[in-house]
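Observations on chain architecture
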Amino acid sequence: MNSIMEQSDMAAIAPIETASETAPMIDPFGRSISYLRVSVTDRCDFRCVYCMAEDMTFLPKRDLLSLEELERLCTAFIDKGVRKLRLTGGEPLVRRNIMWLIEALGRHLENGRLEELTLTTNGSQLERYAHDLAALGVRRINVSLDTLDHDKFKAITRWGDLGRVMAGLKAAQDAGLQVKLNVVALKDVNEHEIPEMIRFAHGQGMDLTLIETMPLGEIEGDRTDQYLPLSTVRTRLSERFTMTDIPYKTGGPARYVEVRETGGRLGFITPLTHNFCESCNRVRVTCTGTLFMCLGQEDAADLRAPLRASEGNALLAQAIDEAITRKPKGHDFVIDRHHRRPAVARHMSMTGG
Ligand SMILES: Nc1nc2c(ncn2[C@@H]2O[C@H](COP(=O)(O)OP(=O)(O)OP(=O)(O)O)[C@@H](O)[C@H]2O)c(=O)[nH]1
Ligand SMILES: C[S@@+](CC[C@H](N)C(=O)[O-])C[C@H]1O[C@@H](n2cnc3c(N)ncnc32)[C@H](O)[C@@H]1O
Ligand code: SF4
Ligand code: SF4
């Protein structure tokens with residue numbers, strides 16, 4: 001990976017020692033926490049209507065953890081038994097020198113302490129990065145794409161260019177990355193395009209996952225205008241497709257079916273109509289080092305101060321342990337039809353979904 005290191009002005013990556021396997025952390029409800037989602041930046045080159053306001057104020061750069069700090073933070077979680085890391089954002093691939101972090105974290109794959117390092121991305125930068133991601137040990141990625149129609153894509157993402165995303169998808173597949181498409185189901189926007197998207201994804205050998213809109217962050221317009229329960233979508237799809245349930249893999253948010261007509265897998269992520277909190281296995285850290293124990297709650301723990309303390313490692317481990325004891329049973333999402341307020345004030349881009 002000389003090319004990446006030459007482009008980077010980051011410190012050389014120190015070798016990581018192999019360590020014996022650590023048992024995952026257990027939360028108050030007996031759930032194993034083995035998955036960390038890391039929002040590496042709150043910035044993005046899109047402004048999706050369900051995720052951000054058009055006129056967003058981003059965090060001052062001085063508040064962000066450096067890439068070295070993010071690497072130390074992730075390593076502390078791996079020391080605590082985390083086995084899967086997903087980088088997200090904002091858009092993870094717009095963070096400067098992000099490949100340095102991916103290379104550093106990839107060392108944990110090599111020594112077997114991490115089972116999976118992956119990303120959720122809007123796909124806009126994949127043409128540039130797909131090959132390097134595959135070379136650094138990333139095996140699969142999730143790409144968010146809500147429509148195949150250029151005008152609708154513009155209307156949803158405000159700033160995005162569908163052509164670049166399509167080119168990014170091709171680059172990812174050419175690089176050997178397994179791709180899953182994430183589609184937020186939006187009433188009156190893409191709801192009638194879903195069968196076509198399923199055929200497109202499955203035709204390209206990609207799984208597709210449908211997602212219910214979650215009420216996070218103040219956005220323009222009315223949440224109830226966008227919200228579409230996936231129970232409705234599934235009923236409609238069953239008129240066109242034969243769907244057979246695939247046994248649920250504990251920990252994942254999606255329930256999958258096999259679609260007979262396409263031979264592909266279709267997932268339903270239903271935080272509102274059928275939540276999956278009972279088997280939750282994950283926590284999230286933001287680019288400022290704030291740990292959110294649940295996507296759908298406001299409670300958080302500051303890990304930046306212990307990370308930066310001179311006696312860092314022990315304090316950090318202690319802060320993580322304490323936070324896990326506060327992991328709630330589930331979220332507080334409701335589509336508030338009376339007050340039209342989000343259930344959680346922060347935008348999705350802070351915690352990365
Ligand atoms: N409510 C809730 N939504 C989640 C959770 N994890 C992921 N999601 C949502 O599911 C959607 C897809 O998430 P991804 O980033 O693709 O991750 P994933 O589905 O966990 O990934 P896989 O490893 O492929 O199962 C996003 O909109 C997330 O916000 C969760 O723990 N709770
Ligand atoms: C916040 S984005 C961050 C990663 C990357 N920028 C992307 O779009 O894939 C992660 C995921 O959250 C989803 N998402 C954002 N806002 C959402 C909302 N209000 N409800 C449901 N999913 C949402 C996006 O569609 C995307 O799949
Ligand atoms: S969903 Fe992803 S691409 Fe869209 S605005 Fe949010 S962070 Fe950006
Ligand atoms: S909403 Fe919270 S508890 Fe439920 S699955 Fe997501 S993170 Fe876990």
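The rules we used
- Residues numbered from 1 in each chain as written.
- Chains lettered and ligands numbered in written order.
- Predicted model: local features only at pLDDT ≥ 70, side-chain atom pairs only at ≥ 80, totals over all residues.
- Heavy atoms only, no water.
- Core = buried A, V, L, I, M, F, W, Y, C linked by side-chain atoms within 4.5 Å.
- Buried < 20%, exposed > 50% of the residue type's maximum accessible area, 1.4 Å probe, protein only.
- Helix = DSSP H or I, 4+ residues; strand = E, 2+ residues; numbered from the N terminus.
- Contact = heavy atoms within 4.5 Å.
- Near = heavy atom within 4 Å.
- Nonpolar A, V, L, I, M, F, W, Y, C, P; charged D, E, K, R; others polar.
- Expected span 1.5 Å × (residues − 1).
- UniProt positions renumbered as here; feature names shortened; annotations may be inferred.
- Pairing = 2+ DSSP bridges.
- Phe/Tyr/Trp six-rings, centres within 6.5 Å; stacked < 30°, edge-to-face > 60°.
- Lys NZ or Arg CZ within 6 Å of the ring centre and 35° of its normal.
- Polar contact = N/O pair within 3.5 Å; in protein donor to acceptor, adjacent residues only side chain to side chain.
- Areas by Shrake-Rupley, 256 points an atom, 1.4 Å probe, with all protein chains shown as cover.
- Axes fitted to C-alpha atoms, helices over the stretch in contact; angles between N-to-C directions.
- Parallel < 35°, antiparallel > 145°, perpendicular 65-115°, else oblique.
- Left-handed = near helix turned anticlockwise from the far one by under 90°.

**Description of the nonpolar core**
F77, L85, I102, L181, L210, L237 and L266 are the most contacted members of the largest nonpolar core, which totals 103 residues. If one sorts the elements of this core by residue count, helix α3 (residues 98-110) sits on top with eight residues.

**Here's the deal with the environment of L169**
Structurally, L169 is set in helix α6 (residues 162-174). Along the backbone, L169 and L114 are 55 residues apart, and their C-alpha atoms lie at a distance of 26 Å. Those residues in contact with L169, other than ones at most four positions away along the chain, are V143, L145, V179, L181, F200 and M206.

**What to know about the site of ligand 3**
The immediate surroundings of ligand 3 are formed by C44, F46, C48, C51, M52, G90 and N122. By residue class, the composition of the shell around ligand 3 is five nonpolar, two polar and no charged.

**Looking at α6**
Taking 1.5 Å of rise per residue, the 13 residues of α6 would be expected to cover 18 Å, and the 18 Å separating its terminal C-alpha atoms lies within 8% of that figure. Taken together, the buried positions of α6 are L162, V165, G168, L169, A171 and A172. Elements that come into contact with the buried residues of α6 comprise α4 (126-135), β6 (140-144), α5 (150-157), β7 (178-185) and α7 (194-203). Phi turns positive, to about 90 degrees, at G176, one or two residues after α6.

**So, the UniProt feature "binding site: S-adenosyl-L-methionine" (unreviewed entry) in the chain**
Following the UniProt record, one finds the feature "binding site: S-adenosyl-L-methionine" (unreviewed entry) at Y50, G90, S144 and M214. Within the secondary structure, G90 is located in the loop between β4 (84-88) and α3. On the basis of relative accessibility, which here comes to 15%, the residue G90 falls in the buried class. Every residue in contact with G90, bar those within four places of it in the chain, is listed here: S39, T41, D42, R43, C44 and S349. As for its placement among the helices and strands, S144 is situated in strand β6. Residues within four places of S144 in sequence aside, it is in contact with T120, T121, N122 and N182.

**Here's the deal with the pairing of strand β10 (residues 254-259)**
Each regular strand displays side chains that alternate between the two surfaces of the sheet. Two strands pair when backbone bridges link them, and strand β9 (residues 243-245) and β10 are joined in this way by three bridges, in the antiparallel orientation. Paired with M243 across the bridge in β10 is V259. As paired elements, β10 and strand β11 (residues 264-269) share six bridges and run antiparallel to each other. Note on β11: the bridge partner recorded for R255 is F268. Remark: four residues form the turn of the hairpin made by β10 and β11, two consecutive strands paired antiparallel; G263 in that turn has positive phi of roughly 75 degrees.

**Remarks on the packing of aromatic side chains**
All chains considered together, the criterion is met by one aromatic pair. Centre to centre, the rings of F46 and F153 are 5.8 Å apart; their planes meet at 90 degrees, and the pair counts as edge-to-face. Of this pair, F46 sits in the loop between β3 (35-39) and α2 (67-79) while F153 is found in helix α5, placing the two residues 107 residues apart along the sequence. Its relative accessible area of 4% is what places F46 among the buried residues. The class for F153 is buried, based on a relative accessible area of 3%. A cation over a ring is seen here: R47 above W159, with NZ or CZ 3.8 Å from the ring centre.

**Describing the site of ligand 2**
In the region of ligand 2, 19 residues are neighbours, and Y50, G90, T121, S144 and M214 sit closest. E91 is positioned such that a nitrogen or oxygen atom in its side chain is 3.2 Å from a nitrogen atom of ligand 2. Considered on its own, ligand 2 offers 550 Å² of accessible surface; in the complex 94% of this is hidden by protein. When residues of the shell around ligand 2 are traced back to their parent elements, those giving at least two are β5 (116-121), β7 and β8 (207-212).

**A word on the side chain of T41**
Note on placement: T41 falls in the loop between β3 and α2. The residues touching T41, leaving out its near neighbours within four places in the chain, are T88, G89, G90, E91, P92, V94, R95, C287 and S349.

**As for the packing of α4 against α6**
Across the interface, α4 lies against α6 with an axial gap of 8 Å and an inter-helix angle of 15 degrees. Put simply, α4 runs roughly parallel to α6. As for how α4 packs across α6, the hand of that crossing is right-handed. Of the residues in α6, those in contact with L126, E127 and A130 of α4 are A167, G168, A171 and A172. Here the residues of the contact of α4 with α6 are counted per class, giving five nonpolar, one polar and one charged.

**Points about the UniProt feature "binding site: [4Fe-4S] cluster 2" (unreviewed entry) in the chain**
With numbering matched to this structure, UniProt assigns "binding site: [4Fe-4S] cluster 2" (unreviewed entry) to C277, C280 and C294. In sequence the annotated residues extend across 18 residues, while in space they remain close, none of their C-alpha pairs exceeding 9.2 Å. Within the secondary structure, C280 sits in the loop between β11 and β12 (282-285). On the basis of relative accessible area, C280 is assigned to the buried category, the value being 16%. For C280, the contacting residues outside a window of four places in its chain are R31, S32, I33 and K327. Relative to the elements of secondary structure, C294 occurs in the loop between β13 (290-292) and β14 (300-302). The exposure class assigned to C294 is buried, which follows from its relative accessible area of 10%. Excluding anything up to four places from it in sequence, C294 contacts P328, G330, H331 and R346.

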